[in-house]
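# Summary of structural features
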There are 2 protein chains.
Amino acid sequence: MIGTVRTPPGLRVEVDRELQTLFSRSATVVEAYGSEFARLWDLASRHIRGGKLLRPLLLLETYDALRCSEGPDPLRTEAVRIAAAVEALHYAFLLHDDVIDGDLFRRGRRNLVGELMDVSPVQDWSGGTRHWAQTGGILAGDLLLSCAHQLFARANVPAERRARLLDLLEHTVFETTAGEFADVGLSDGVIGSDLSTVLAMTGRKTATYSFELPLRAAVILAGGSAGLERRLRKAGWHLGVAYQLQDDLLSTFGDADIHGKDAYSDLREGKQTAIICFARMCREWPRIEAELGDRDLSIAAARRIRDRLRECGAEDFVQGLIRDQTTAVTDILTQSGPETIPAEVRGILLTLHAHLDKRQS
Amino acid sequence: MIGTVRTPPGLRVEVDRELQTLFSRSATVVEAYGSEFARLWDLASRHIRGGKLLRPLLLLETYDALRCSEGPDPLRTEAVRIAAAVEALHYAFLLHDDVIDGDLFRRGRRNLVGELMDVSPVQDWSGGTRHWAQTGGILAGDLLLSCAHQLFARANVPAERRARLLDLLEHTVFETTAGEFADVGLSDGVIGSDLSTVLAMTGRKTATYSFELPLRAAVILAGGSAGLERRLRKAGWHLGVAYQLQDDLLSTFGDADIHGKDAYSDLREGKQTAIICFARMCREWPRIEAELGDRDLSIAAARRIRDRLRECGAEDFVQGLIRDQTTAVTDILTQSGPETIPAEVRGILLTLHAHLDKRQS
């Protein structure tokens, strides 16, 4: 959901190497459990390392910015490890999200569940391989969730910082699961849809772990104050909501060839986004509602809904919401006071901020 | 899967109080995320506390036995906390297992997923509440898995013991997910079924976390040696496999009114148990195979399969396998040498051993 950030290429190598270590450390263990389980672990390793690694990179960039003026840093290794843990947590959430949504693709390629379906059953039972593949998605998610916690638990940092990191992880897991539960409840018609519920869900489901978590973890690792952590938390929340709202716009109004997701999958799943919240108040709503959430929605029908959503002003409305969020970010970044955000960190956030406007994927 | 163990009633109160603390500590947090999420947390709390708590009780009993002769014990509180963590881990696995199996009942009562289905949708979409309830099962499992790790990570014990506890937790999570993956792969016809695969799966899926984990955690918390830990690990494995094999026998040959599970659910799910492995070699197999794994299997048809399995000698065969396991336990318990198992701990294991014969649920 986050676009590409300009990051020193060395950082990506560091994170990738740490992830590689994480997976290869258990490669012998998993092989003892049979070829299927070893394959599951290998698939998880390849998919996680094929990602953009934006969350761990945001963490490391911020950490380095906070520590910039000093000499040798014994905690740098721990920061790389926690960065890898943040990616493991992200991937655990993605895996369970894909199982929940029944998705077999991500960014135009088969996801882990999709790849697991590619087996030759020894017995003929239709539906068996799909069920088995989804089971693999749940269990790989459990393994990665466990790995993320193990890395946080073993962080070789002063005890007080480790306790703060564990508190942050706990908060993140509660917040993200609450956001995911609300998202599904909204789509499944179990929770009533209104704008404030949808915006809160949007922030909890993605902003918390994608922006707040890396920023706050960097502050804690660098020994920053609770005040600075609070400020970056707020900035991260607003940035994260802005990115997610823009993601929603891209999914419905963007070019699928560029953003790489299933074209119009949000419309097909009946996702309750801010776009849909606005559309409910419009004259066109009954005609939109009639087709929304149809799993077999044709591209032509989806384009019809898209045009109606645009005509009723839903796209402009959500653009406005994004501007509200980015204004809030700018306000936080320019506030002075005892907890002023250091210039280097401000630079990172401004890059993310500026990237929002150019984003197409 | 474990029967009732004779345990001092005070221990149960301690574990229950710790679990209550665990859940009430986050009650305010979850309420902020809306009534649905608060309900999910409350359901998890009620279901976990309604369980038999056999794993945490085994841990505490063993810990107390190892520490019996000494005075005030500052680590006792930590042992209770790790005992609660073991139950949280168990419940996380159960939740994901129920989602994977599509179960809505456990021990004759609705499970968490079953209870979640009891909502009034605000929108009319058939299938929505079931999907939402299963999502709740996945997410509640994630929360509990996270809680278990948090409790291990924050154990206020000497650093070396905390590292051993974290290693044990890591091993347990890998082993249990590998066992679950194999179990589903066997049922779904993706993994070929033979006795050694089935027995390894049986041990990994349940013996490791139900017996090895509590016993080994008790040794580590009490500062016991690696040698004693290895011995209890072996004893726990054999006891766990014996209990699971007996569970399989009860599910097929036992009285559902007494064991409380869905009658013949193993036959309906086509579970690849040791019973079925043996039956494959029998003349009756084609007639058994024809109906095995039929989700709509009638009670009459299930009884027919049961009778055929009994006639072909599968019940006797598995009884023999159980005897092999219990003999192995006895051998370990009576071995002398530098790592002799203390008499009090031996007593606990012998009670579990003796209980196997009388078990009907």
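The rules behind each value
Residues numbered from 1 in each chain as written. Chains lettered and ligands numbered in written order. Predicted model: local features only at pLDDT ≥ 70, side-chain atom pairs only at ≥ 80, totals over all residues. Helix = DSSP H or I, 4+ residues; strand = E, 2+ residues; numbered from the N terminus. Rg over C-alpha atoms; globule rule 2.2 N^0.38 Å. Buried ≥ 20, exposed ≤ 12 C-beta atoms within 10 Å, placed from the backbone. Least-squares fit on C-alpha atoms with pLDDT ≥ 70 in both. Contact = placed C-beta atoms within 7 Å. Nonpolar A, V, L, I, M, F, W, Y, C, P; charged D, E, K, R; others polar. Expected span 1.5 Å × (residues − 1).

### Structural notes on the overall build of chain A
A tally of regular secondary structure across chain A gives 17 helices and two strands. A compact globule built from 361 residues would reach a C-alpha radius of gyration of about 21 Å, and chain A, at 21 Å, matches this within 12%. Along the three orthogonal principal directions, the C-alpha set of chain A runs to about 65 × 60 × 35 Å. The buried share of chain A, taken over its 361 residues, is 50%.

### Examining the relation of the copies chain A and chain B
Relative to chain B, chain A is turned by 180 degrees and slid 0.0 Å along the rotation axis, the superposed coordinates differing by an RMSD of 0.0 Å. Such a combination of turn and shift is consistent with a two-fold rotation axis. Distance from the rotation axis, computed per C-alpha, reaches its smallest value in chain A at Ala-153 of chain A: 2.5 Å. Comparing interface residues between copies, 98% of those in chain A also lie at the interface in chain B; the contact surface is shared.

### Looking at the interface of chain A and chain B
Between chain A and chain B, the residue contacts involve 51 residues of the former and 50 residues of the latter. In terms of residues, the side of chain A that touches chain B owes the most to one element, helix α7 (residues 128-153) of chain A, which gives 16 residues. Looking at side-chain class alone, the side of chain A that touches chain B contains 27 nonpolar, 17 polar and seven charged residues.

### Some remarks on helix α7 (residues 128-153) of chain B
Over its 26 residues, α7 of chain B extends 37 Å from the first C-alpha to the last, a length consistent with the 38 Å expected when each residue adds 1.5 Å. Taking burial as the measure, the 26 residues of α7 of chain B include 23 buried ones, the bulk of the element.

### A look at the environment of Ala-44 of chain A
Residues and elements named next belong to chain A. Tracing the chain through its elements places Ala-44 in helix α3 (residues 35-49). We classify Ala-44 as buried; it has 25 C-beta atoms within 10 Å. As for Ala-44 and Arg-304, which are separated by 260 residues in sequence, their C-alpha atoms are 38 Å apart. Setting aside its immediate chain neighbours within four residues, Ala-44 contacts Leu-112, Ala-140 and Leu-144.

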